[in-house]
Amino acid sequence: MNVLNKKSVEDIAVTGKKVLVRCDFNVPLDNGNITSDQRIRAALPTINYLLEQGAALILCSHLGRPKGQVMPEFSLAPVAKRLGELLSAPVVMASDVIGESAKCLAASLKAGEVLLLENVRFEAGETKNCPELSKQFAALADVFVNDAFGSAHRAHSSTTGVANYLPAVCGYLMQKELEYIGGALGNPQRPLVAILGGAKVSDKIGVIENLLGKVDTLIVGGGMAYTFLAAKGNKVGMSLQEKDKYDLALELMAKAGDKLKLPVDHVVTQEFGPDGFNKVVARNEIEESWESLDIGPATRERFAKELQGAGTVIWNGPMGVAEWDAYAQGTIAVANAIVESGALSIIGGGDSAAAIKKLGYSDKVSHVSTGGGASLEFMEGKELPGIACLNDK
Ligand code: ADP
Ligand code: MG
C-alpha cells in the first residue's frame, strides 16, 4: 500500500453531497466538561473545507470505551456544543448512533448543515466491524471521509467497514499524518535519524526493527536503553531492564552495528521520585542499588551531535523520566537539538508530544502526530486498516 497515493477530500466531488466524516472527538472530559478541545480544533480544516464546498456533514466519533452500551457519561453532546461554538454555527446532535433520530436528521440535512451522531461505540457492532452497522452508516451519506488518524489502526465499522459501501477518502488531518510519517519512512530527506526512548524495549520492538532498516542513525535512550546495555554485559544496577529481551537486544545491536547509539553516562538515584538525591555516573557501570532515570551530560552532547545535519528526524519516547524536572534534561537537550538541526521533524508518542508541548516547541517541529497507538503501528510498518480502506488516486 502506498499511503501517499490515497485520495483526499480534494480529490472527490462533495458539493451538494451528504458526507459522513469519521472524526477523532475522543476528548478528555472532567465531569462532562471538555478539558482540552484540541482534537475538535484539529478537525476544523476538514469540516470547514467540506462546508465551503457546499456539502451536508454527518460527523461521527467514538468517545471513551462504553463497550457497546449507551452510557450517558460518554455522550458526544459536549462535543456538539463546543464544535458549534468553534464553527459559530449550529451543530445538530442526534440522540442515537444509527436509530430513528440519526436517520431522520440525516435524511433532512441540507448543504452547509452539520449533524453529529452519538458515540459510535454505543453500538455493539462498531468495534466488531459488523457489516450490518457499516451498511447502515453508509446508507446515511454519499461519501465517506476518514479524518480519525488516532483510530486508523482499528478495523471498526465507522473507521473501516463503512468504506466498503461508499467512496472513501482521507481528511486533512489524516492526510498530514500520511504525508509526514509516510514520507519520512518512504522517501526521507537524509540523513534520517530516529530517536527512540521511553520505558520499555517490548513496547517498541516493532518500531526498532522497522526503523533499523531505514535509518542512517538510531539513537536509543530512556529506560529501554538499559536492556541493550545490560545485554552487552554493562552493569545497570536497578535501572529498568527486561531480561527476557536480552537476546533480541543482542540481535538488534548486531544488525545495527555503528548505526545504533546508546548512552555513555547516566543520572542515577537510589530513590525513585522527583526530588531524591541524584548524581552523574560518567561510564556504563551503575552500582547495584542505583537506578538511572536520565541520560547524562556527555550523552546529551553526543546525541545532539548526531542530530546536527540530519535531514529528517523521527522521535518517539523521552530520554528519561521527563515528567520530573530533575530527570528532564536529556529529553530537553534532544528536543533542543532537533529544533536546532532544522531537519524535518516528526514527533510520535504521547509522552514525547507532551514534552515538546511543555517546552513550547509544538510549532518549531514539523509534525506532532495526533495518534499514539496509530503512529506506533504506522512506524512499525504495519498496514493500518483505516488507511488501507481508502480509495487510491
Ligand atoms: P511515548 O508516550 O512518547 O511513546 P513512552 O510511553 O514509551 O513514550 O515512555 C514514556 C515513559 O517512559 C515515561 O513514563 C517515562 O517516565 C518513562 N521513562 C523514560 N526513561 C525512563 C527511565 N530511565 N527509567 C524509568 N522510566 C523511564
Ligand atoms: Mg506514553
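Read on for an overview of the structure. Please read all numbers here as calculations on a predicted model, not as lab measurements.

### Here's the deal with the site of ligand 1
What surrounds ligand 1 is a group of 18 residues, the closest being Lys204, Gly223, Glu323, Asp351 and Ser352. One of the backbone nitrogen or oxygen atoms of Gly320 is found 3.5 Å away from a nitrogen atom of ligand 1. Separating an oxygen atom of ligand 1 from a backbone N or O atom of Gly350 is a distance of 3.2 Å. Here ligand 1 loses 84% of its free accessible area of 580 Å² to cover by the protein chains. Ranked by residues supplied to the shell around ligand 1, first place goes to helix 12 (residues 350-358) with 3 residues. Across the shell around ligand 1, the residue classes break down as 5 nonpolar, 10 polar and 3 charged.

### Some details on the pattern of salt bridges
Taken as a whole, this structure holds 14 salt bridges when the rule is applied. The partner of Glu132 in a salt bridge is Lys135, with the nearest N and O atoms 3.8 Å apart. With Glu132 and Lys135 both in helix 5 (residues 131-140) and 3 residues apart, this pair spans about one turn of that helix. For Asp294, the salt bridge goes to Arg300, with nearest N and O atoms at 3.8 Å. Side by side, Asp294 and Arg300 carry an identical accessibility label, which is buried. Each of Asp37, Arg41, Lys81, Arg82 and Glu85 takes part in one network of salt bridges that share partners.

What counts and what doesn't
- Residues numbered from 1 in each chain as written.
- Chains lettered and ligands numbered in written order.
- Predicted model: local features only at pLDDT ≥ 70, side-chain atom pairs only at ≥ 80, totals over all residues.
- Heavy atoms only, no water.
- Near = heavy atom within 4 Å.
- Polar contact = N/O pair within 3.5 Å; in protein donor to acceptor, adjacent residues only side chain to side chain.
- Areas by Shrake-Rupley, 256 points an atom, 1.4 Å probe, with all protein chains shown as cover.
- Helix = DSSP H or I, 4+ residues; strand = E, 2+ residues; numbered from the N terminus.
- Nonpolar A, V, L, I, M, F, W, Y, C, P; charged D, E, K, R; others polar.
- Salt bridge = Lys/Arg side-chain N within 4 Å of Asp/Glu carboxyl O.
- Buried < 20%, exposed > 50% of the residue type's maximum accessible area, 1.4 Å probe, protein only.

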